[in-house]
Structures are given as C-alpha cells and as structure tokens.
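As a plain string of letters, each chain reads:
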Amino acid sequence: MVPEFRLKIKNRFNVQAETARRAGVMALFYADENLRTSLLLILRKTYEGVHSNQIGFPGGKEEEDDADLLETALRETHEEVGVLPKHIEVIKPLSEVYIAPSNFVVSPFIGLYKNKNQFVIQEDEVETIVEVLLTDFMNDANLVFTQISTSYAKKVKVPAFNFDGHIVWGATAMMLSEIKTLLKQVL
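Residues numbered from 1 in each chain as written. Predicted model: local features only at pLDDT ≥ 70, side-chain atom pairs only at ≥ 80, totals over all residues. Heavy atoms only, no water.

Trainee: How should I be thinking about unusual backbone geometry in this particular structure?
Mentor: If a residue is not glycine, its phi is most likely negative; likewise, a peptide bond is most likely trans. One non-glycine residue, Leu-35, lies in the positive phi region at around 65 degrees. Mapped onto the elements of the fold, Leu-35 is located in the loop between β1 (21-31) and β2 (37-44). Leu-35 gets classed as exposed once you look at its relative accessible area, which sits at 72%. A positive phi angle, near 55 degrees, is found at Asp-164, a position not held by glycine. (Helix = DSSP H or I, 4+ residues; strand = E, 2+ residues; numbered from the N terminus. Buried < 20%, exposed > 50% of the residue type's maximum accessible area, 1.4 Å probe, protein only.)

Trainee: Before we go on, may I ask you to explain helix α3 (residues 69-81) in this structure?
Mentor: An α-helix turns once every 3.6 residues. As a result, residues three or four positions apart point the same way. Between its first and last C-alpha, α3 extends 18 Å over 13 residues, near the 18 Å set by a 1.5 Å rise per residue. Every buried residue belonging to α3 is among Leu-69, Thr-72, Ala-73, Leu-74, Arg-75, Glu-76, Thr-77, Glu-80 and Val-81, and all of these are buried. At the N-terminal boundary of α3, the capping side chain belongs to Asp-68, with an oxygen 3.3 Å from the backbone nitrogen of Leu-70. Looking one or two residues past α3, Gly-82 carries a phi angle of roughly 80 degrees, positive in sign. (Expected span 1.5 Å × (residues − 1). Polar contact = N/O pair within 3.5 Å; in protein donor to acceptor, adjacent residues only side chain to side chain.)

Trainee: For this particular structure, what's the right way to read a negative patch on the surface?
Mentor: There is a patch of like negative charges on the surface, built from Glu-62, Glu-64, Asp-65, Asp-68 and Glu-71. Relative to the assigned elements, Glu-71 resides in helix α3. (Patch = residues over 30% accessible without salt bridge, like charges linked within 9 Å, V, L, I, M, F, W, Y side chains within 5 Å. Areas by Shrake-Rupley, 256 points an atom, 1.4 Å probe, with all protein chains shown as cover. Salt bridge = Lys/Arg side-chain N within 4 Å of Asp/Glu carboxyl O. Lys, Arg positive; Asp, Glu negative; His and termini not counted. Charge placed at Lys NZ, Arg CZ, Asp CG, Glu CD.)

Trainee: Explain the pairing of β2 to me, please; I cannot follow it from the model alone.
Mentor: Side chains on a regular strand alternate between the two faces of the sheet. Across the eight residues of β2, seven count as buried, placing the element largely inside the fold. Where β1 lies against β2, four bridges are found, and the strand directions are antiparallel. Pairing of Tyr-30 across the sheet is with Ser-38, part of β2. Two successive antiparallel strands, β1 and β2, enclose a turn made up of five residues, where Leu-35 displays a positive phi of approximately 65 degrees. (Pairing = 2+ DSSP bridges.)

So, in structure tokens, the structure goes:
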C-alpha cells in the first residue's frame, strides 16, 4: 500500500525519520452489537494540519509520562474513543511507519476490546467513529486507487481502502495492509 511516488523518495524520508517525533496507535477489533467482528477507525476533525479530516486509528504522540509507545497508544485510545486500557487485550505490535508530512514515526498495535461499551469520542479531535466489519476489511473488492494531493506530491494516484465511502490511504492503509496480511495467515 506504499504509493509509488513515496518509494522514489524513500531515502530522503529515512534520513528524516531519524529525528522524527514518536506516536502510538491502536488497531482495535471488537464484537459489534450483532456479534460481528469489527475494526475501529476514526475520522479526524477538520483543522489546520496535514492530517485534517483523514481516517486513521485512535492514537497520538508520545508524551513524557508514557513508559513506552504501547502506553501512548492505550492512553490516546482512551482519550479519543473512551476505551479504558484495562479493557484492551494487546495482541501484537506491528511495523513502524514513518509519516513524512508530520515527521512522525508511528508504532501501531493490534488490540481486542472485549465486553464493548459505547464509544465516547473526544469531540475536539474526533469527528466520528468509523466501524469496519471484518468481512468488509478482508474483501479485496474494497482495495482501490484514488487520486490525492499531499504536502509533497500533487494529484498522485495512491492505493487505498474504500470502506463504505470512507477512503483510507497513506500510513493508515499501510498498517491496514499489514494487518490484513497477518489475518490471511490465520483465517
């Protein structure tokens, strides 16, 4: 799911990643009200910034008090969608992803939310919850190419996921692709 234009400038990103800020995010799976497995994504608020109005995982930047990036992901998931860390069974860390426009190296984790309660969004950061059924996530028909413009590339075609009209591209799509590959090994 890495866009071709990004591969061409990969070496420049690798140098920048050495001094990047750190973040942790949580790919949270849970049983919905119909006992179907779903994956939680969020739509970020519109704001002055490079990730404005984008779909992503709950999570955010590391703070001094965080013991590690897993704690960051758990803390931010609680802040953004109201899930207490003690209700998340962490399954696995995933590969780190460097996000050039915001100069972050993101550490994603897979978690299971058992005994799901209603999500409570952090209204100043999260526009809405995007719930993706596992069957839709695993359906290759939801893999698309879409045209986007970024801070470093204009009108480029990128691989993406289309979940009921929500287009997920970039770092989040890369993380989703790794999760999908892992799930295909066990399903």
